[in-house]
Amino acid sequence: METQDIQLPSSEEQQAIRDAVQKLCSDYPDKYWRDIDGKGAYPQAFVDSLTESGYLAVLIPEEYGGSGLGITEASIILEEINRSGGNSGACHAQMYTMGTLLRHGSEEQKQRFLPLLASGDLRLQAFGVTEPNAGSETTRISTRAQRRGDKYIVNGQKIFISRVEHSDLMLLLARTTPYEELENKTQGLSVFILDMRDVQGNLEVRPLDMMVNHHTCALFFDDVEIPAENLIGEEGMGFRYIIDGWNAERILVAAEAIGDGRWFTDKSARYASERVVFDAPIGANQGVQFPISKAYAQIEAADLMRFHAAAKFDRQEKCGAEANMAKYLASEASWEAANACMVTHGGYAFATDYDVERKFRETRLLSIAPVSNNMILAFLGQKVLGMPRSY
Ligand SMILES: Cc1cc2nc3c(=O)[nH]c(=O)nc-3n(C[C@H](O)[C@H](O)[C@H](O)COP(=O)(O)OP(=O)(O)OC[C@H]3O[C@@H](n4cnc5c(N)ncnc54)[C@H](O)[C@@H]3O)c2cc1C
């Protein structure tokens, strides 16, 4: 039995993408992801299929070899990957970061990188922002990029940077002006495209043992050189460019959570209908049934906000409030669905063969990274509702 989604307005093209991604994902069943997770391996075959089918290039304009579609379509792709039982965390960064390159990159940079990204000859799967001493306070990062002639020399440290070993390029945020010298504290940061194939021993990549299989690393920069032509936009304006991309990222994360949530509720409803204890299917007990129904309702409601935010984004309207609410609602809903799925499966939820514990771990991440739900609530409280700032 499959639960029925509320039918949202969906163009034929969007439905075709959904169907095609579902078909592609059917070649990578739960067992594929379970084995990958168990080995801590990278799902290379899956990412290759996705790249060859052009799905990782949907946001790249047609003139650079992509399909020039919007965040709505990109979000459908990530949703369907997670809904199939997979983990789009293996490859979502190219979509998360694309806006920065498209909106603020020069024509020369777009010509240089986008066609190779669209064809899959180059991978942009790493996004280097977080630092141990700054955490959520991005304006306090201290990794330093100093201009010397036609290069920037980078020194410092990043933490929790995912997929570095499976990417050629990294979108890197670094400090170009010391914090103390700034009048406007949101300036002084710059965004670079770091080609990691060029940096040899100067960039130490130290893999971290994490709860989820994201290939997450600590990075140590020791005089890493970046050609000045790889600076995106204007020096010192990087924080603004990164913020610009956050709405896209939040909508995409919401879609991933919705995909997870639907995977959990489908699985829960199926198991609750089949598992018989005390001579009745466990799903006949409202203590089992209602948490699944509640999570289902929350996922469908979050989905409306996700498509609302995505439509506004694609119409280039302001959508900060909607994008943040979509991310918050969807990640909380998927977590409700994950907990209900654990309860429904009882002891079997802990058996890796059932995939519940794997998806449980994966979806838990979405309320903390790439941005914590506390920061989302702070944004809504302060920027939307006008309450006093906590920071
Ligand atoms: C698996 C994984 C993959 C990741 N991949 C990447 C990546 O590829 N690139 C990258 O740059 N980063 C990545 N991150 C980092 C992630 O974005 C950060 O962990 C996240 O933004 C939170 O930062 P922090 O861990 O330093 O938490 P902190 O900033 O130390 O915060 C800890 C807690 O305190 C809360 N808090 C802090 N200040 C306030 C406040 N004023 N009000 C209320 N609550 C507050 C936070 O919301 C959070 O819940 C990844 C993290 C993980 C776990």
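Residues numbered from 1 in each chain as written. Predicted model: local features only at pLDDT ≥ 70, side-chain atom pairs only at ≥ 80, totals over all residues. Heavy atoms only, no water.

Caption draft 1: Broad picture of the overall build of the protein chain. Along the protein chain, the regular secondary structure elements total 11 helices and 10 strands. Computed over its C-alpha atoms, the radius of gyration of the protein chain comes to 21 Å, within 12% of the 21 Å expected for a compact globule of 391 residues. Within the protein chain, buried positions represent 55% of all 391 residues. Relative to all contacts within the protein chain whose residues are 6 or more apart in sequence, the contacts with residues 24 or more apart total 74%. For the protein chain, the exposed area adds up to about 17300 Å²; of that, 51% sits on carbon and sulfur atoms. Within the protein chain, one finds 39 positive and 55 negative side-chain charges whose respective centroids are separated by 4 Å. (Helix = DSSP H or I, 4+ residues; strand = E, 2+ residues; numbered from the N terminus. Rg over C-alpha atoms; globule rule 2.2 N^0.38 Å. Buried < 20%, exposed > 50% of the residue type's maximum accessible area, 1.4 Å probe, protein only. Contact = heavy atoms within 4.5 Å. Areas by Shrake-Rupley, 256 points an atom, 1.4 Å probe, with all protein chains shown as cover. Lys, Arg positive; Asp, Glu negative; His and termini not counted. Charge placed at Lys NZ, Arg CZ, Asp CG, Glu CD.)

Caption draft 2: Layout of the site of the ligand. Not every one of the 20 residues close to the ligand is listed here, only the nearest: F127, T130, S136, F160 and S372. In the environment of the ligand, a nitrogen atom lies 2.9 Å from a nitrogen or oxygen atom belonging to the side chain of S162. P370 is positioned with one of its backbone polar atoms (N or O) 3.1 Å from an oxygen atom of the ligand. Burial of the ligand by the protein amounts to 67% of the accessible area it has alone, namely 970 Å². (Near = heavy atom within 4 Å. Polar contact = N/O pair within 3.5 Å; in protein donor to acceptor, adjacent residues only side chain to side chain.)

Caption draft 3: Main features of unusual backbone geometry. Residue P370 is reached from A369 by a cis peptide bond, and omega for that bond is 5 degrees. Phi angles above zero are rare outside glycine, and R163 is one such case at about 60 degrees. Turning to its location among the elements, R163 is positioned in the loop between β3 (151-162) and β4 (169-175). Phi is positive for H215, close to 55 degrees, though the residue is something other than glycine. Relative to the elements of secondary structure, H215 occurs in the loop between β6 (203-207) and β7 (216-227).

Caption draft 4: A nonpolar patch on the surface, seen in detail. Among the surface-exposed residues, V384, L385 and M387 lie close enough to one another that they form a single nonpolar patch of about 300 Å² accessible area. Take L385: it is sitting in the segment after α11 (373-384). (Patch = residues over 30% accessible without salt bridge, like charges linked within 9 Å, V, L, I, M, F, W, Y side chains within 5 Å. Salt bridge = Lys/Arg side-chain N within 4 Å of Asp/Glu carboxyl O.)

Caption draft 5: Structural context of the pattern of salt bridges. Summed over the entire model, instances satisfying the criterion amount to 27 salt bridges. Here E249 ties to R250 by a salt bridge, and the two come within 3.7 Å at their closest N and O atoms. Owing to a relative accessible area of 8%, R250 belongs among the buried residues under this scheme. Note that R361 and E357 form a salt bridge whose closest N and O atoms lie 3.0 Å from each other. With R361 and E357 both in helix α10 (residues 356-365), this residue pair falls four residues apart, about one helical turn.

Caption draft 6: Molecular detail of the pairing of strand β2 (residues 144-148). Where β2 lies against β3, five bridges are found, and the strand directions are antiparallel. Of the residues in β3, the one forming a bridge with R144 is N155. What sits between the antiparallel neighbours β2 and β3 is a turn of two residues, in which G149 has the positive phi angle 65 degrees. (Pairing = 2+ DSSP bridges.)

Caption draft 7: Structural context of the side chain of R18. Among the secondary structure elements, R18 is positioned in helix α1 (residues 12-26). R18 gets classed as buried once you look at its relative accessible area, which sits at 13%. In this structure the side chain of R18 is engaged in a polar contact, spanning 2.5 Å, whose partner is the side chain of E80. Each residue touching R18, except ones within four places of it in the same chain, is listed here: I76, E79, E80 and F307.

Caption draft 8: Highlighting helix α7 (residues 238-274). For α7, with 37 residues, the first-to-last C-alpha span of 53 Å sits near the 54 Å given by 1.5 Å per residue. The largest bend along α7 reaches roughly 30 degrees and is located at W246. Burial of α7 is extensive: 30 of the 37 residues sit out of reach of the surface. (Expected span 1.5 Å × (residues − 1). Bend = angle between axes of the 7 residues up to and from the residue.)

Caption draft 9: Up close: helix α3 (residues 44-52). Among the residues of α3, those classed as buried are F46, V47, S49, L50 and T51. The positive-phi residue at the C-terminal boundary of α3 is G54, with phi of around 85 degrees.

Caption draft 10: The nonpolar core, seen in detail. Counting residues in each nonpolar core, the largest one holds 82 residues, and the members touching the most others are F46, M95 and L117. Of all the elements, α7 adds the most residues to this core, at 12 residues. Sequence-distant contacts of L117, defined by excluding residues within four places in its chain, comprise I60, Q94, M98, L101, L122, R123, L124 and L169. The next biggest cluster of nonpolar side chains, apart from the first, holds 21 residues, and it includes I161, M170, L172 and L203. (Core = buried A, V, L, I, M, F, W, Y, C linked by side-chain atoms within 4.5 Å.)

Caption draft 11: Layout of the packing of helix α9 (residues 320-345) against α10. Here α9 crosses α10 at 160 degrees, and the two axes come no closer than 9 Å. In terms of orientation, α9 and α10 fall into the roughly antiparallel class. Both α9 and α10 take part in a crossing whose hand is left-handed. Along its contact with α9, which presents S334, W335, A338, N339, C341, M342 and H345, the element α10 presents V356, F360, T363 and R364. Classifying every residue of the contact of α9 with α10 gives six nonpolar, four polar and one charged. (Axes fitted to C-alpha atoms, helices over the stretch in contact; angles between N-to-C directions. Parallel < 35°, antiparallel > 145°, perpendicular 65-115°, else oblique. Left-handed = near helix turned anticlockwise from the far one by under 90°. Nonpolar A, V, L, I, M, F, W, Y, C, P; charged D, E, K, R; others polar.)

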